[in-house]
Amino acid sequence: MANGALLFQSIGYPLELWTPHLSRLRPDLDIRTEENPGRADQIHYCIAWKPKPGSLAALPALKVVFSMGAGVDAIVADATYPRHVPLSRVVDPTLSQSMTEYVVMSVLYWHRRMHDLQSLQRLRKWRQIASPRAENVRVGILGFGALGQAAATALQALNYRLSGWSQTPKQAQGVTTFHGREGLEPFLNQADILVCLLPLTPGTRGILDARLFASLPPGACVINAARGGHLVEDDLIRALDSGHLRGATLDVFATEPLPETNPLWVHPKVVVTPHSAAATDPAAFMAHVARTIARVDQGLPPENLVDFARGY
Ligand code: NDP
Ligand code: OXD
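If you're wondering where the values come from, they're calculated on a predicted model, not measured in any experiment.

## Focus on the pattern of salt bridges
Oppositely charged side chains can form a pair if their charged atoms are brought close together. Under the criterion given, the structure shown has 12 salt bridges. The salt bridge involving aspartate 28 is made with arginine 26; its shortest N-O contact spans 3.1 Å. The class for aspartate 28 is partly exposed, based on a relative accessible area of 24%. Two residues, glutamate 135 and arginine 133, come together in a salt bridge whose shortest N-O distance is 2.9 Å. The network of salt bridges with shared partners includes Arg26, Asp28 and Asp297.

Below is the structure:
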């Protein structure tokens, strides 16, 4: 019998999609929900996505918090988060695969002028549009971590010219790497298609702004699959309307769901998707939770720990 309960908190998804996977792996685990949390001092593990501020601080016996997503900004933003409790995030091949699919789809869409071809189809116009060869298209990945590196590997197989930007120096075969603030400008200057896969932290909030867009080559395209807080929406609209940027694919927004009145919905150079680039796979996530609980029971540290000083 596990000597502590697990609480599902504010996950925003139907629980029945998730709990059976964990119950199968750990039938002994006392799984509780927000509706019936029981005694707070019995809860050792908590699964959270966008927890109410203060709610984790109210659990005095917590050993680990599991973020249901790769991005932990909504959890780390809670100033009352009990920092002595390790926060474990999702790093998983199924998530990397989904994000890779989204990034490859979006890069090909802008590279192969799909947006223009669809406009021509609506006008019943038979006109061919040439695209450069992939080896002449420079794709820059802003945030060269678990997801960025997985996407880069797939894009390399299609012959794109890859670069990556990270906080610390990185080496990756066939990828030109840049890091830190001083590496940002040269990285941007050579990115025909920019893919944002950064975590949202005080250092990256609002990074996709007028200054950054001005540093991209004319005709560049932007793909944001990270967080809406990275993007200054008005700056993007201005850069698109001026013709400096050719197009944008946006999966994430400052306000989600994207309000009906938001001009991005109908902008002729924007593709909107509803935060669906890469969803956490319930079976894979619960396998990670069960594995981590087993590790903690053996006195080992949890996997995929968030560094609170860095914020990701
Ligand atoms: P990682 O932590 O593995 O990678 C983050 C990368 O960003 C690292 O390379 C890191 O540098 C870099 N980075 C962070 N801060 C800075 C900075 N200030 N300057 C330069 N580089 C920086 O994260 P993941 O790849 O797992 O996930 C990335 C994000 O994708 C998540 O935080 C989440 O917001 C988003 N996401 C979106 C989904 C969707 O459906 N739209 C689904 C899943 C995730 P270094 O390597 O040096 O630490
Ligand atoms: C995540 C997400 O961070 O789904 O995993 O956005």
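## Examining the sheet that holds strand 7 (residues 161–166)
Spatial ordering of the open sheet is given by 8-7-6-9-10-11-12, a layout of seven strands whose pairing is parallel. The two strands at the open ends of the sheet, each matched to only one other strand, are strand 8 (175–179) and strand 12 (270–272). For this sheet, the mean inter-axis angle between neighbouring strands, taken without regard to orientation, is 15°. Pairing of strand 10 (residues 220–224) with strand 11 (residues 245–250) involves five bridges; the strand directions are parallel.

## Concerning the site of ligand 2
Around ligand 2, the structure places Trp49, Gly69, Ala70, Gly71, Arg227, His275 and Ala278. In the model, an oxygen atom of ligand 2 is placed 2.8 Å from a nitrogen or oxygen of the glycine 71 main chain. Arginine 227 is positioned with one of its side-chain polar atoms (N or O) 2.7 Å from an oxygen atom of ligand 2. Here ligand 2 has 210 Å² of accessible area as a free molecule, and 85% of this is covered by the chains.

## So, the side chain of glutamine 9
Considering the arrangement of structural elements, one finds glutamine 9 in strand 1 (residues 5–9). Judged by its relative accessible area of 4%, glutamine 9 falls in the buried class. Within the local environment of glutamine 9, its side chain forms a polar contact with the side chain of serine 55, the two groups lying 3.3 Å apart. Residues within four places of glutamine 9 in sequence aside, it is in contact with Glu34, Cys46, Ile47, Ala48, Trp49, Pro51, Ser55 and Leu56.

Rules used throughout
- Residues numbered from 1 in each chain as written.
- Chains lettered and ligands numbered in written order.
- Predicted model: local features only at pLDDT ≥ 70, side-chain atom pairs only at ≥ 80, totals over all residues.
- Heavy atoms only, no water.
- Salt bridge = Lys/Arg side-chain N within 4 Å of Asp/Glu carboxyl O.
- Buried < 20%, exposed > 50% of the residue type's maximum accessible area, 1.4 Å probe, protein only.
- Pairing = 2+ DSSP bridges.
- Helix = DSSP H or I, 4+ residues; strand = E, 2+ residues; numbered from the N terminus.
- Axes fitted to C-alpha atoms, helices over the stretch in contact; angles between N-to-C directions.
- Near = heavy atom within 4 Å.
- Polar contact = N/O pair within 3.5 Å; in protein donor to acceptor, adjacent residues only side chain to side chain.
- Areas by Shrake-Rupley, 256 points an atom, 1.4 Å probe, with all protein chains shown as cover.
- Contact = heavy atoms within 4.5 Å.

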